[in-house]
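Per-entry structural report
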Amino acid sequence: MKPHCASLLLLCATTGAHAAPADPADPARDHDTILRMRGEYTVDFAFDETVLLQPGYERAPAMRSGGNELVVVVEDTPTRIVLQHLLVDPKSGHVTKHWRQDWSYEAPTRFEFSADQTWRVRAIPASVTRGAWTQCVYEVSDAPRYCGTGRWSYDNDVPSWTSDPGWRPLPRREYTRRSDYNALAMVNRHTLTPGGWTHEQFNTKVRREAGGAQHEIAREFGFNDYVRTKDVDFSPARDYWNATAGYWAQVRRHWDGFLGQAPGVRLKTRVDGMAMIIPLFTQAADVQAGKRVKDRQIDEVFAAWVEKAPDEG
């Protein structure tokens, strides 16, 4: 299912998502730019509804939050980079495995959020992926969230990447409190700054019907500001990842069995995904404590809650 061109036309014009690249692709330069997102950060998250699109709809309150986040490199090749985010509470030292972002140069396929709890693996047109990087974002359990494809630009020496329009499920900040929409039509932009990097989100909240009808609720602008810091002790996050990286690699391999080829994947959990998050996080805690988690234990979690996406009729 494709986003409405009309609803995203302004976004595409504003972000330059469909602008023709002025310079030839430079994957080595792009690779080094993506790696600059690793490091230690204080992060501010801000989301504001802007344009209201339904009669009688009242603007939702602005959302503000923040945290301390370590971004580590999990994989690094000239055409593929995997970055894992880890949240740490500086007072307690508690660590939470957060989202993950994978970057692939000229990726031939990507997963797309097609229906509730369903992501389909589809080919990326050559005209879109040529010279471009595809970013795929994953849940804390390494379940899929969304992908976008775009080229890095360096106009006026500002490194910036803008995705093409796509779909994503409701974010965690809303799916426990909203039922009036079930998908976000989105364009994402990442920009490297002197103090770190930023993530801008141009979202349209949409209620998609089974028959194909779409009802746009409101537009939203999100701004995540990653500012480098030396004032937070991130050693608990590094210790956690050093202890559990092998376990999470096994989990990623299980997901790759569904997301590496068509048709894709469907989750049998509720939208919050806690039926998978809790057992996987528990197993990771066991590994960190020095216990052994067998591959069959991970198999059991996936057998209970994950299946191939149905064929498209």
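Residues numbered from 1 in each chain as written. Predicted model: local features only at pLDDT ≥ 70, side-chain atom pairs only at ≥ 80, totals over all residues. Heavy atoms only, no water.

Here we take up the overall build of the chain. Helix and strand counts for the chain stand at 7 helices and 16 strands. Against the 2.2 N^0.38 benchmark of 20 Å for 313 residues, the chain shows a C-alpha radius of gyration of 19 Å, consistent with a compact globule. Seen along its three principal axes, the alpha-carbon backbone of the chain occupies a region of about 55 × 45 × 40 Å. Looking at the chain as a whole, 51% of its 313 residues are labelled buried. Nonlocal contacts in the chain, meaning residues at least 24 apart in sequence, comprise 64% of its contacts between residues at least 6 apart. (Helix = DSSP H or I, 4+ residues; strand = E, 2+ residues; numbered from the N terminus. Rg over C-alpha atoms; globule rule 2.2 N^0.38 Å. Buried < 20%, exposed > 50% of the residue type's maximum accessible area, 1.4 Å probe, protein only. Contact = heavy atoms within 4.5 Å.)

In this section: the confidence of the model for the chain. Of all residues in the chain, 93% attain a pLDDT of 70 or more, and the chain-wide mean is 93. Low pLDDT, under 50, characterises residues 5–11; the stretch is placed with 12 contacts to residues that sit more than four places away or in other chains. Within the model, pLDDT remains below 50 along residues 13–21, and this stretch shows 11 contacts once partners closer than five positions in the same chain are excluded. (pLDDT = per-residue confidence, 0-100.)

To continue, consider the packing of aromatic side chains. In the structure shown here, the tally under the stated rule is 12 aromatic pairs. Geometrically, the ring pair formed by Y247 and W248 is edge-to-face, given 5.1 Å between the ring centres and 75° between the ring planes. Residue class for Y247 comes out buried when judged on its relative accessible area of 3%. Taken together, the ring pairs connect Y41, W197 and Y226 into an aromatic cluster. One cation-aromatic arrangement involves R100 over Y138; the distance from NZ or CZ to the ring centre is 3.8 Å. Against the face of F47 rests R173, its NZ or CZ located 3.4 Å from the ring centre. (Phe/Tyr/Trp six-rings, centres within 6.5 Å; stacked < 30°, edge-to-face > 60°. Lys NZ or Arg CZ within 6 Å of the ring centre and 35° of its normal.)

With antiparallel pairing, the 4 strands of this open sheet are ordered in space as β5-β6-β15-β16. Every other strand in the sheet has two partners, leaving β5 (109–115) and β16 (306–308) as the edge strands with one partner each. Taken over all neighbouring pairs, the strand axes of this sheet differ in orientation by 30° on average, direction set aside. Note that strand β6 (residues 118–123) and strand β15 (residues 264–267) share 3 bridges and pair antiparallel. Residue R120 lies in a different strand from β15, and its bridge partner there is G264. (Pairing = 2+ DSSP bridges. Axes fitted to C-alpha atoms, helices over the stretch in contact; angles between N-to-C directions.)

Side-chain pairs of opposite charge can arise where the charged atoms are in close proximity. Per the stated rule, a full pass over the model turns up 23 salt bridges. Between E112 and R110 there is a salt bridge, and its shortest N-O distance comes to 3.3 Å. The closest approach of N and O atoms between K205 and E220, which form a salt bridge, is 3.3 Å. Residue K205 is found in strand β13 (residues 196–208), and its partner E220 is found in strand β14 (residues 214–228); the two are separated by 15 residues along the sequence. We note that K205, like E220, is buried. (Salt bridge = Lys/Arg side-chain N within 4 Å of Asp/Glu carboxyl O.)

Once that is clear, we can look at the state of the cysteines. Per the stated rule, a full pass over the model turns up 1 disulfide. Residue pairing for C136: its cysteine sulfur links by disulfide to C147, the two sulfurs lying 2.0 Å apart. Measuring handedness by torsion sign, the sulfur bridge of C136 and C147 sits at about 105° and is right-handed. Of this pair, C136 sits in strand β7 (residues 133–138) while C147 is found in strand β8 (residues 144–150), placing the two residues 11 residues apart along the sequence. The residues C136 and C147 share a single accessibility class, namely buried. (Disulfide = S-S within 2.5 Å.)

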